[in-house]
Amino acid sequence: MSKIIRIGMDTSKHVFQLHGVDENEMPVLRRKLRRHQVLGFFAKLEPTVIGMEACGASHYWARQLAALGHKVVLIPPQYVKPYVDRGKNDAADAEAICEAMSRPKVKKRFVAAKTVEQQAAQMLIGVREALLRRRTQVSNAIRGHAAEFGLVAPKGLARIELLAEQIAQDVTIPPLAREMFLVLVGQYRHANAQVTELDARLMAFHRSNEQSLRLAEVPAIGPVTAASLVAKVSHPETFRCGRDFAASIGLTPKDHSTAGKLKLGVITRAGDETLRTLLVCGATAVIRQAKSRPPSPWLAELLKRKPPKLAAVALANKTARIAWKLMVSGQHYDPRKAQPQPNPANPEMRKQAA
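What this report covers is the structure whose coordinates are included nearby. Computed from a predicted structure; not experimentally measured. (Residues numbered from 1 in each chain as written. Predicted model: local features only at pLDDT ≥ 70, side-chain atom pairs only at ≥ 80, totals over all residues. Heavy atoms only, no water.)

## Digging into helix 10 (residues 242–249)
Part 1 of the argument: When helix 10 is considered as a whole, its buried residues turn out to be G242, F245, A246 and I249. Taken down its axis, helix 10 places every buried residue within 95° of arc, on the same side.
Part 2 of the argument: In the core, the buried residues of helix 10 are packed alongside helix 9 (223–232), helix 11 (273–289) and helix 13 (308–329).
Part 3 of the argument: The first or second residue beyond helix 10 is G250, which carries a positive phi of 95°. (Buried < 20%, exposed > 50% of the residue type's maximum accessible area, 1.4 Å probe, protein only. Helix = DSSP H or I, 4+ residues; strand = E, 2+ residues; numbered from the N terminus. Arc of directions from axis to C-beta. Contact = heavy atoms within 4.5 Å.)

The following block contains the structure:
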């Protein structure tokens, strides 16, 4: 058999499909393996390049195969789909992965494998986010059912306990409904206690990580955002520049330009939704503080031209670029470097510099 230069592997829960090619790009390996056969097969194989679609379990297999001496690359699934032939099956998927991993444009989109520590931190963030959604869901259920019996409370989670006291004191509520309220209030208190516990764990992770502490120096980045960036962005140096990093999160506009006419639409919303949400929320908080605290000249000029929500997205984009620079360089945040440099040809910039 000719020497295999790369292998595309389509993974699943139990069945793994392999497709390998030689130096002449001719298929020399088409094989289906069960889960328990994978490591034994690659242990006997000479070190080669193995490609997989990036997913939750792919990071585990990347670490295992790298320990056997192979080079493993992870490809976002959306960049594999264009190379799938007509018809959907495991063999076609493995062949598409093998083809995609050889393309120069796709090589720029490779995903770095995460360590077990990074996956643990990412799990902490994911579980906390799920509990926050569950707490909001239960609190809304309590409010909705209470309104059916004429009991309402102001906005805010802090008002749920007050509403629970009103429900307990209202003698007009039937016993069956009162029992259901006790179930919902119990779930709310349990979720709230778990969120508080995970907040403490997240803060401990933030304080123990030097990179997370440096990122938190940026005005629009708090401890949760900083810890999320550290956990989710394992190798920031894989991005060519800060713009590419912001684009990977989905904070750059869609390009619909044609016939020499520039047409930019809404942001792409690609990449990690949690990071994008946290960055936009942090930017929104900075804009709200601009009413009582003078903002930077760049943000002040932006708020004069654009609505606050658009300005928040623009600030989130800029924050992402600053975060990338800090992660790559290891430097601390310098507010002076974040400001635009004066342009001698622009009278307004000369006036601001003076």
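## Regarding the packing of helix 5 (residues 116–148) against helix 7 (residues 175–208)
Part 1 of the argument: In the contact formed by helix 5 and helix 7, the axes pass within 9 Å of each other and the chain directions differ by 150°. Looking at the two axes, helix 5 sits roughly antiparallel to helix 7. Our pair here, helix 5 against helix 7, has a crossing hand that is left-handed.
Part 2 of the argument: Residues that form the contact of helix 5 with helix 7 fall into these classes: 19 nonpolar, 5 polar and 5 charged. (Axes fitted to C-alpha atoms, helices over the stretch in contact; angles between N-to-C directions. Parallel < 35°, antiparallel > 145°, perpendicular 65-115°, else oblique. Left-handed = near helix turned anticlockwise from the far one by under 90°. Nonpolar A, V, L, I, M, F, W, Y, C, P; charged D, E, K, R; others polar.)

## Some words on the pairing of strand 2 (residues 15–21)
Part 1 of the argument: The buried count for strand 2 comes to 7 of 7 residues, which makes it a mostly enclosed element.
Part 2 of the argument: Side chains V15, Q17, H19 and V21 of strand 2 all project onto a buried face; the interleaved residues F16, L18 and G20 project onto the opposite face, where all are buried too.
Part 3 of the argument: Relative to strand 2, strand 1 (residues 6–10) runs antiparallel, the two being bridged by 5 bridges. If you follow R6 over to strand 2, its bridge partner there is V21.
Part 4 of the argument: Linkage of strand 1 to strand 2, two consecutive antiparallel strands, is achieved through a turn of 4 residues.
Part 5 of the argument: Note that strand 2 and strand 3 (residues 27–34) share 7 bridges and pair antiparallel. Bridging across to strand 3, H19 finds its partner in R30.
Part 6 of the argument: The turn linking strand 2 back onto strand 3 is made up of 5 residues, and E25 within it adopts a positive phi angle of 60°. (Pairing = 2+ DSSP bridges.)

## Regarding the pattern of salt bridges
Part 1 of the argument: If you walk through the whole model with that rule in mind, you get 10 salt bridges.
Part 2 of the argument: Between E210 and R214 there is a salt bridge; the shortest N-O distance is 2.6 Å. Highlighted residues: E210 and R214, both in helix 8 (residues 210–215), separated by 4 residues, approximately one helical turn.
Part 3 of the argument: You can call R214 buried: its relative accessible area is 3%.
Part 4 of the argument: With its nearest N and O atoms 3.5 Å apart, the salt bridge here joins E301 to K304. Here the residue E301 and the residue K304 both occupy positions in helix 12 (residues 297–305), the gap between them amounting to 3 residues, near one helical turn.
Part 5 of the argument: Under the relative-accessibility criterion, E301 is labelled partly exposed at 31%. (Salt bridge = Lys/Arg side-chain N within 4 Å of Asp/Glu carboxyl O.)

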